[in-house]
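Remarks on the overall topology
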Amino acid sequence: MGKITVITGGTSGIGRGIAEKILAESAKADRIFVTYGHDEKKALSFQESLPEEKRFQVTLIKADMSSYEEMMVFVEELKKQTDHIDWLVSNAGISTYAKYEDYSFEEWTRIVNTNLSVPVFMVKELRSMMVEGGSVLFTGSYAGQQAYSSSLVYGVTKAAIHFLTRSLVKEFEPKGITVNAIAPGFIETPWHSARTQESYDRINRKIALHRFGTVEEVADMAYAVLSNGYMNGSVVDIHGGYDYF
Ligand SMILES: NC(=O)c1ccc[n+]([C@@H]2O[C@H](COP(=O)([O-])OP(=O)(O)OC[C@H]3O[C@@H](n4cnc5c(N)ncnc54)[C@H](OP(=O)(O)O)[C@@H]3O)[C@@H](O)[C@H]2O)c1
């Protein structure tokens, strides 16, 4: 029986890096279900970029994870395609740079739904499919550890994800499934595509290593956490020494 991984938002940035790392380490019988929200072109180019012998191991599924209903459709589709899950990576996330005073309730709700509420219910729905000794990993954020972020709603959802991680340990205890999160600082992904050089310079001055992290550095850590049998309830920072001086 091959190892089955499910990863949301796995076609871009950090999620894509984690998917590629898992694939690189995978056996022939392993399968990985990779979801994306909107960008079909990017999803297909991700699949096409994979070595030919790995491509058939990947199933792409489009599902808008800001919607409870679409998440449930995704869960039903997944149940048709596999009877078990070994690793579950809840990674899809969004943010806004709108100022607090300009927030609308609709935008707040869309971000909370995508980053927190829908993941909570997705994990609840998939729990019974997870195997003994499986592993759940959330992509949190260092913005959920310290209130540095320019996006208040984003920091609040990520702090909640970290608390969720610790809280779910008890829920998964009967099957010995571990639940952990990674909390990256500034990582070079399409997320930052609109950032100016001035903005990069300002942030780099606050990072002891004076650069953004790479997707590969985060993916290597995520893989180490997923495959470690004794890490449980941990939120692991990876930020190059942010805000230490
Ligand atoms: N980059 C950083 O500096 C950083 C730091 C800390 C934490 N993070 C976290 O890392 C995760 C990935 O971020 P990233 O930087 O890799 O961003 P990214 O390159 O923009 O990738 C985001 C991924 O999430 C998917 N996604 C977005 N909205 C979705 C929705 N409504 N439904 C389903 N999928 C959706 C995207 O698919 P589509 O494009 O097809 O919608 C894409 O695959 C997020 O949780 C983010 O909060 C990032």
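None of these values were measured; they are calculated from a predicted model.

Under the criterion given, the structure shown has two cavities of 30 Å³ or more. Its boundaries defined by the atoms lining it, the largest cavity holds a volume of some 40 Å³. By residue number, the principal contributor to the lining of the largest cavity is helix H5 (residues 105-126), which donates four residues. Grouping the constituent residues of the lining of the largest cavity by class yields five nonpolar, three polar and no charged. Along the walls of the second largest cavity sit Ser-90, Asn-91, Ala-92, Thr-114, Asn-115, Pro-119, Phe-138, Thr-139, Lys-158 and Ile-161, which together make up its complete lining. At the level of elements, H5, strand E5 (130-139) and helix H6 (152-172) are the ones that each hand at least two residues to the lining of the second largest cavity. Looking at the lining of the second largest cavity residue by residue, the classes come out as four nonpolar, five polar and one charged.

The subject of this paragraph is the nonpolar core. Formed by 33 residues in total, the largest nonpolar core has its most connected members in Phe-74 and Phe-138. Listing elements by their share of this core, those giving two or more residues are strand E1 (4-7), helix H4 (68-81), strand E4 (85-90), H5, E5, H6 and strand E6 (178-184). The greatest single-element share of this core, amounting to seven residues, is contributed by H5. Those residues within four positions of Phe-74 in sequence are excluded, and the remaining contacts are Val-6, Thr-35, Ile-61, Ala-63, Met-65 and Met-122.

What follows deals with the site of the ligand. Neighbouring the ligand are 30 residues, the closest being Ser-12, His-38, Asn-91, Tyr-154 and Thr-189. Here an oxygen atom of the ligand sits 2.7 Å away from a polar atom, N or O, in the main chain of Asp-39. At 3.5 Å, a backbone N or O of Ala-63 approaches a nitrogen atom of the ligand. Coverage of the ligand by the protein amounts to 92% of the 890 Å² it exposes when considered alone. A majority-of-atoms criterion places the ligand in the largest pocket. Listed by contribution, the elements that provide at least two residues to the shell around the ligand are helix H1 (13-24) and H6. Class assignment of the residues belonging to the shell around the ligand gives a composition of twelve nonpolar, 15 polar and three charged.

Ordered in space as E3-E2-E1-E4-E5-E6-E7, the seven strands form an open sheet in which the pairing is parallel. Looking at the sheet topology across the chains shown, the edges are occupied by strand E3 (58-62) and strand E7 (235-238). Averaged over neighbouring strand pairs, the angle between their axes works out to 15° when direction is ignored. Two strands pair when backbone bridges link them, and E1 and strand E2 (residues 31-36) are joined in this way by four bridges, in the parallel orientation. Of the residues in E2, the one forming a bridge with Ile-7 is Val-34.

What follows deals with a nonpolar patch on the surface. Residues Tyr-100, Leu-152 and Val-156 make up a contiguous nonpolar surface patch of roughly 310 Å² in combined accessible area. When you line up the elements, Leu-152 lands in helix H6. Judged by relative accessible area, which is 38%, Leu-152 ranks as partly exposed.

The computed volume of the largest pocket comes to approximately 1,400 Å³. Around the largest pocket, the lining comprises 50 residues; the ones closest to its centre are Gly-93, Ile-94, Ser-95, Thr-189 and Trp-191. Going through the elements one at a time, H1, E2, H5, H6 and helix H7 (197-206) are the ones with two or more residues in the lining of the largest pocket. Looking at which element gives the most residues to the lining of the largest pocket, the answer is H7, with four residues. Taken together, the residues of the lining of the largest pocket break down into 18 nonpolar, 24 polar and eight charged.

Under the counting rule described, the total for this entry stands at nine salt bridges. Residue Arg-16 pairs with Glu-20 through a salt bridge whose shortest N-O separation is 3.0 Å. Taken together, the positions of Arg-16 and Glu-20, both in helix H1 and four residues apart, correspond to about one turn of that helix. The partly exposed category is assigned to Arg-16, whose relative accessible area is 21%. Here the salt bridges share partners, and the residues they tie into one network are Lys-21, Glu-25 and Asp-220.

The rules behind the values
- Residues numbered from 1 in each chain as written.
- Predicted model: local features only at pLDDT ≥ 70, side-chain atom pairs only at ≥ 80, totals over all residues.
- Heavy atoms only, no water.
- 1 Å grid on protein atoms, 1.4 Å probe; cavity = no way out; pocket = protein on both sides within 12 Å on 5 of 7 lines; lining within 4 Å.
- Points joined across faces, edges and corners; volume = space filled by probe spheres on them.
- Helix = DSSP H or I, 4+ residues; strand = E, 2+ residues; numbered from the N terminus.
- Nonpolar A, V, L, I, M, F, W, Y, C, P; charged D, E, K, R; others polar.
- Core = buried A, V, L, I, M, F, W, Y, C linked by side-chain atoms within 4.5 Å.
- Buried < 20%, exposed > 50% of the residue type's maximum accessible area, 1.4 Å probe, protein only.
- Contact = heavy atoms within 4.5 Å.
- Near = heavy atom within 4 Å.
- Polar contact = N/O pair within 3.5 Å; in protein donor to acceptor, adjacent residues only side chain to side chain.
- Areas by Shrake-Rupley, 256 points an atom, 1.4 Å probe, with all protein chains shown as cover.
- Sits in = over half its atoms within 2 Å of the grid points.
- Pairing = 2+ DSSP bridges.
- Axes fitted to C-alpha atoms, helices over the stretch in contact; angles between N-to-C directions.
- Patch = residues over 30% accessible without salt bridge, like charges linked within 9 Å, V, L, I, M, F, W, Y side chains within 5 Å.
- Salt bridge = Lys/Arg side-chain N within 4 Å of Asp/Glu carboxyl O.

Remember, this is a structural readout, not a statement about activity or role.
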